[in-house]
Amino acid sequence: MRLDTEHTCGGVSQASGVEVYEGAESVLLPCLISRIPEDPVVVWSRLDLNPATVHQHREEGGDPGIQNQRYSSRTAMSTVALETGDLSLTLNKPRLCDSGSYTCSVRSGEHEVRRVDVQLQVKESFTFPAEALALLVLLVVVVIAAVLTAVYLWNNVITVSRVEVEEGLKCVKLPCKTLVQLPEDVTVEWSRSDPEPMKVHTYQSGNDGRVRQDEFYSGRTKMETNPVNRGELSLTLSDPCYRDSGTYICTVHKDRDVWVQSGTAPGQSRPGGGGGRGVG
């Protein structure tokens, strides 16, 4: 709620305005006086209504009998208003149609001893546009999907590593490790994607075999004992040569479900000399 400053001139005070959003619990229309006359009657009114009375208050309490029915059960003043001089009106559940100019009149007999005018503006409550809400929901879904994908990749896809080895070494290990708890009956397949697709090695149901293995790798590949249980899926390639250079992919799957996929990119095997990583 917003209350602008009040200006006083003689017995008439005018507040420039009070603003509130429709749907608010209540709004307070201010009216303060410093001196209470004898036998006071406080009348809050809107001159554009018929009847004009919004709320009436006497020393014995409120008088709803002449109240405009639009405000029935929605207005209240402090029970000690005529003792404190705080004659402010509480309007519950403000509506758009409540906007207007309100007058707080303090009368003693036939005389009006004080009047305060308050301009109330009830604004339409803010509603989020349906299109923006739909876009926000879509954005949240995309963010959640991206986070879940990142988590999946973090836990299931090993970062592509690079291995360099010199031609002539006895063997080289292509690394692939995972912390994912794998079923015992998964299939571990090592393949080569470039420079040409080739089946390198297959481990299936406890059998470190060479099912569908390309002839080029026959007798030159092996994996650790019980690799699935240990998460150690690395492949040892014997007698590496220049033609072994390329990108190798380790895929762990069961039926059509891929559990782990890892890439290894060995550097070109160099014919002797220089450093490298391998097993001599």
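Criteria and cut-off values
Residues numbered from 1 in each chain as written. Predicted model: local features only at pLDDT ≥ 70, side-chain atom pairs only at ≥ 80, totals over all residues. Heavy atoms only, no water. Pairing = 2+ DSSP bridges. Helix = DSSP H or I, 4+ residues; strand = E, 2+ residues; numbered from the N terminus. Salt bridge = Lys/Arg side-chain N within 4 Å of Asp/Glu carboxyl O. Buried < 20%, exposed > 50% of the residue type's maximum accessible area, 1.4 Å probe, protein only. Axes fitted to C-alpha atoms, helices over the stretch in contact; angles between N-to-C directions. Disulfide = S-S within 2.5 Å.

Trainee: An account of the sheet that holds strand 8 (residues 75–76) is needed here, citing residue identities and associated values.
Mentor: By way of backbone hydrogen bonds, the strands of a sheet pair with one another, either parallel or antiparallel. Read across the sheet, three strands follow the order 4-9-8 without closing on themselves; strand pairing throughout is antiparallel. Taken across any chain shown, the strands that pair with only one partner, and hence form the sheet edges, are strand 4 (26–29) and strand 8. Here strand 8 runs beside strand 9 (residues 89–92); their pairing, made up of two bridges, is antiparallel. Directly across from Ala-76, in strand 9, lies its bridge partner Thr-90.

Trainee: Give me the lowdown on the pattern of salt bridges, citing residues and values where you can.
Mentor: Overall, the coordinates contain 11 salt bridges when judged by the stated rule. Note that Arg-115 is salt-bridged to Asp-117, the shortest N-O span being 3.7 Å. Put simply, Glu-232 and Lys-177 hold a salt bridge, and the shortest N to O gap is 3.7 Å. Taken together, the residues Glu-232 in the loop between helix 3 (227–230) and strand 18 (235–238) and Lys-177 in the loop between strand 14 (171–174) and strand 15 (187–194) connect sequence positions 55 residues apart. The class for Lys-177 is exposed, based on a relative accessible area of 54%. Each of Glu-112, Arg-115 and Asp-117 takes part in one network of salt bridges that share partners.

Trainee: Can you break down the sheet that holds strand 17 (residues 221–223) residue by residue, with the values?
Mentor: Strand order across the open sheet formed by three strands is 14-18-17, with antiparallel pairing between neighbours. At either margin of the open sheet sits one strand with a lone partner, and together these are strand 14 and strand 17. Ignoring strand direction, the axes of neighbouring strands in this sheet form an average angle of 25°. Both strand 14 and strand 18 contribute to a ladder of four bridges, which runs antiparallel. Within strand 18, the residue paired with Cys-171 across the bridge is Ser-238.

Trainee: Got a sec to walk through the state of the cysteines? Specific residues and values, please.
Mentor: Using the criterion set out here, one finds one disulfide in the structure. With its sulfur 2.5 Å from that of its partner, Cys-31 forms a disulfide with Cys-104. Its S-S torsion of approximately -75° makes the covalent link between Cys-31 and Cys-104 left-handed. Remark: Cys-104 occurs in strand 10 (residues 100–108) and Cys-31 occurs in the loop between strand 4 and strand 5 (40–45); sequence separation between them is 73 residues. Residue Cys-31 is classed as buried on the basis of its relative accessible area, which comes to 0%.

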